[in-house]
Amino acid sequence: MLFFPLNPMEIRRNTTMQSPKRVVSALLSVIVLSAGYLDYWAYSQEFYRQPKIWMDVVSGTGSAPNQYRIGVIHTAYFLARHLHLGMRHSLALLDVISGMIAVFALFLVLQRSAVYRRPGVVAQWFGAASFVVLVQFYLAWLLWYQRPETLPSAAVLSLALLLLGGKSPGAEQRGAIGMVGTVVGLLLLVVVQGYIRSDVGFALHLGILLACMTRVGHGFALPRGVQAGTSLVAMLLVLGIQYDLMKRVYPQANYGHTQVFQLFFNLKSLPGYIPFFLFMVPLGWTTVMLARRRYLAGSAEIGMFIAAVIFLGMWATVGRIKEVRIFLPFALALVPLTVELAMQRFLPAIEMSETRAGVDAMSNHLPYS
């Protein structure tokens, strides 16, 4: 007769229970590869309808703002020429690589968090399952008004989040070398982001800079002053890249008949509310939980949340809210924060007591209160 323990505490005490890391890694790989497969066929349909699509960006004759987002298109064109691939193949390949980088970097952010590390294995399984569900939810919107820069932007944001809160065990021994490496890494990432979507890079570091002006600023991987200075330099870099692309490299690019200011259009476009509100459900829940100011949250995650709110305002003002994939990079980057809040909200208090008792020893996480 088989016996299955029903008491969660008995399961928690079972030291032979496997960590969710391997299972989650396999699931994330399958999810990204599945998204990449569908992504490829969506690209193929576009190329069959418009064989020269995106080639105007390569030749420098595209319209703004697409002409300023040359990073992914030029890289895909380079790969297509040198690997003898079609543009649809190289674009899909870049999306798969970017998707893998994004989801595994974000899962590492979650694994390093105090909320995830302190409880038992059962709590970690809950957090890991929530992470997988959210990733799959967001990637399902990838093909809605598909664009090549979506997943590369998500990959850059995810790596930046990893560096911003990267106080892994033993990090304090790296000293000045680790600090310099973090600064250089953040600046390199913002330069890359400047050629993919400069508005994403600007919003990110404006959010981090604002976070540095509060007590949250003490929890970044870098000292608050150094992080604030790095984010200020990053903002200047991304503005410089955008200005150079607009005024020197592609001065002929213009918006044509497309209006830059879209806020009133968004307010009047009722059909656009449907995808917007469906897509924003996790962010809305995250906002409500943070507003209660009684849950633990990492400084890097809070900085990313502030940046996401800034980008949300930019998107609603100069973008179409029905094109929710515009916000997808920030939505993915907020998944670790949402999962950490869910673990604290839905797990029994006894599951999280060790986290709340021991969190003060982990300097990259602060009570959001």
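J.: So what exactly am I meant to see when it comes to the overall build of the protein chain here?
T.: Helix and strand counts for the protein chain stand at 18 helices and two strands. Split into buried and exposed, the 369 residues of the protein chain put 51% on the buried side. Pairs at least 24 apart in sequence give 80% of the contacts found in the protein chain among residues at least 6 apart. Carbon and sulfur atoms provide 67% of the accessible area of the protein chain, an area that totals close to 17500 Å².

J.: Please explain the layout of surface pockets as it appears in this structure.
T.: Gaps left between atoms show up when a probe the size of a water molecule is rolled over them. Within this model, the largest pocket holds a volume of roughly 800 Å³. What lines the largest pocket is a set of 29 residues, among which Pro65, Arg69, Arg197, Tyr255 and Val318 lie closest to the centre. Secondary structure elements with two or more residues in the lining of the largest pocket: α10 (198-212), α11 (224-249) and α15 (299-318). With four residues, the top contributor of residues to the lining of the largest pocket is α15. Residues that form the lining of the largest pocket fall into these classes: 13 nonpolar, eight polar and eight charged.

J.: Any chance you could explain the pattern of salt bridges here in plain terms?
T.: For side chains of opposite charge, pairing can occur when their charged atoms come near one another. A full pass over the atoms with the stated rule returns eight salt bridges. For the salt bridge of Glu149 with Arg197, the shortest nitrogen-to-oxygen distance reads 3.9 Å. Note that Glu149 is positioned in the loop between α7 (121-139) and α8 (150-164) and Arg197 in the loop between α9 (175-194) and α10, a separation of 48 residues in sequence. Comparing Glu149 with Arg197 shows no difference in burial state: the two are buried. One salt bridge in this structure joins Arg325 and Glu323, with 2.8 Å as the shortest N-O distance. Residue class for Glu323 comes out buried when judged on its relative accessible area of 16%. Salt bridges sharing common partners tie together Arg69, Arg147, Glu149, Arg197, Asp199, Glu323 and Arg325.

J.: Any chance you could explain empty space enclosed by the protein here in plain terms?
T.: The tally for this structure, following the rule as stated, stands at four cavities of 30 Å³ or more. The volume enclosed by the second largest cavity comes to roughly 60 Å³. Only α8, α9 and α10 provide two or more residues apiece to the lining of the second largest cavity. Class assignment of the residues belonging to the lining of the second largest cavity gives a composition of eight nonpolar, three polar and no charged.

J.: Is there a simple way to explain the confidence of the model for the protein chain in this structure?
T.: Note: predicted coordinates in regions of low pLDDT should not be interpreted at a detailed level. Looking at the protein chain as a whole, its pLDDT mean stands at 89, while 87% of the residues score no less than 70. A low-confidence stretch, residues 1-6 (pLDDT under 50), is modelled with two contacts involving residues beyond four sequence positions or located in other chains. Ignoring residues within four places in sequence, the model shows residues 11-15, a span with pLDDT below 50, making eight contacts including any to other chains.

J.: Explain the environment of Phe305 here, please?
T.: Of note, Phe305 is situated in helix α15. Exposure remark for Phe305: the relative accessible area of 12% places this residue in the buried category. Separated by 26 residues in sequence, Phe305 and Ala331 have C-alpha atoms that sit 9.3 Å apart. Sequence-distant contacts of Phe305, that is, excluding residues within four places in its chain, are made with Leu283, Thr286, Thr287, Leu290, Leu334 and Leu337.

J.: Before we go on, may I ask you to explain the packing of α10 against α11 in this structure?
T.: Between two packed helices, the angle of one axis relative to the other and the distance separating the axes together describe the packing. The contact between α10 and α11 brings their axes to 9 Å, and the two run at 155°. Taken as axis vectors, α10 and α11 run roughly antiparallel relative to one another. Viewed along their axes, α10 and α11 form a crossing whose handedness is left-handed. Residues Ser198, Phe202, His205, Leu206, Ile208, Leu209 and Cys212 of α10 form the contact with α11, whose own contacting residues are Arg224, Gln227, Ala228, Ser231, Ala234, Met235, Val238, Leu239 and Gln242. Grouping the constituent residues of the contact of α10 with α11 by class yields 10 nonpolar, five polar and one charged.

J.: Explain a nonpolar patch on the surface to me, please; I cannot follow it from the model alone.
T.: Taken together, the side chains of Leu83, Leu85, Leu93, Ile97 and Ile101 define a hydrophobic patch exposed on the protein surface, amounting to about 380 Å² of accessible area. Within the secondary structure, Leu83 is located in the loop between α4 (70-82) and α5 (87-112). Given the relative accessible area of 47%, Leu83 is considered partly exposed.

What counts and how
Residues numbered from 1 in each chain as written. Predicted model: local features only at pLDDT ≥ 70, side-chain atom pairs only at ≥ 80, totals over all residues. Heavy atoms only, no water. Helix = DSSP H or I, 4+ residues; strand = E, 2+ residues; numbered from the N terminus. Buried < 20%, exposed > 50% of the residue type's maximum accessible area, 1.4 Å probe, protein only. Contact = heavy atoms within 4.5 Å. Areas by Shrake-Rupley, 256 points an atom, 1.4 Å probe, with all protein chains shown as cover. 1 Å grid on protein atoms, 1.4 Å probe; cavity = no way out; pocket = protein on both sides within 12 Å on 5 of 7 lines; lining within 4 Å. Points joined across faces, edges and corners; volume = space filled by probe spheres on them. Nonpolar A, V, L, I, M, F, W, Y, C, P; charged D, E, K, R; others polar. Salt bridge = Lys/Arg side-chain N within 4 Å of Asp/Glu carboxyl O. pLDDT = per-residue confidence, 0-100. Axes fitted to C-alpha atoms, helices over the stretch in contact; angles between N-to-C directions. Parallel < 35°, antiparallel > 145°, perpendicular 65-115°, else oblique. Left-handed = near helix turned anticlockwise from the far one by under 90°. Patch = residues over 30% accessible without salt bridge, like charges linked within 9 Å, V, L, I, M, F, W, Y side chains within 5 Å.

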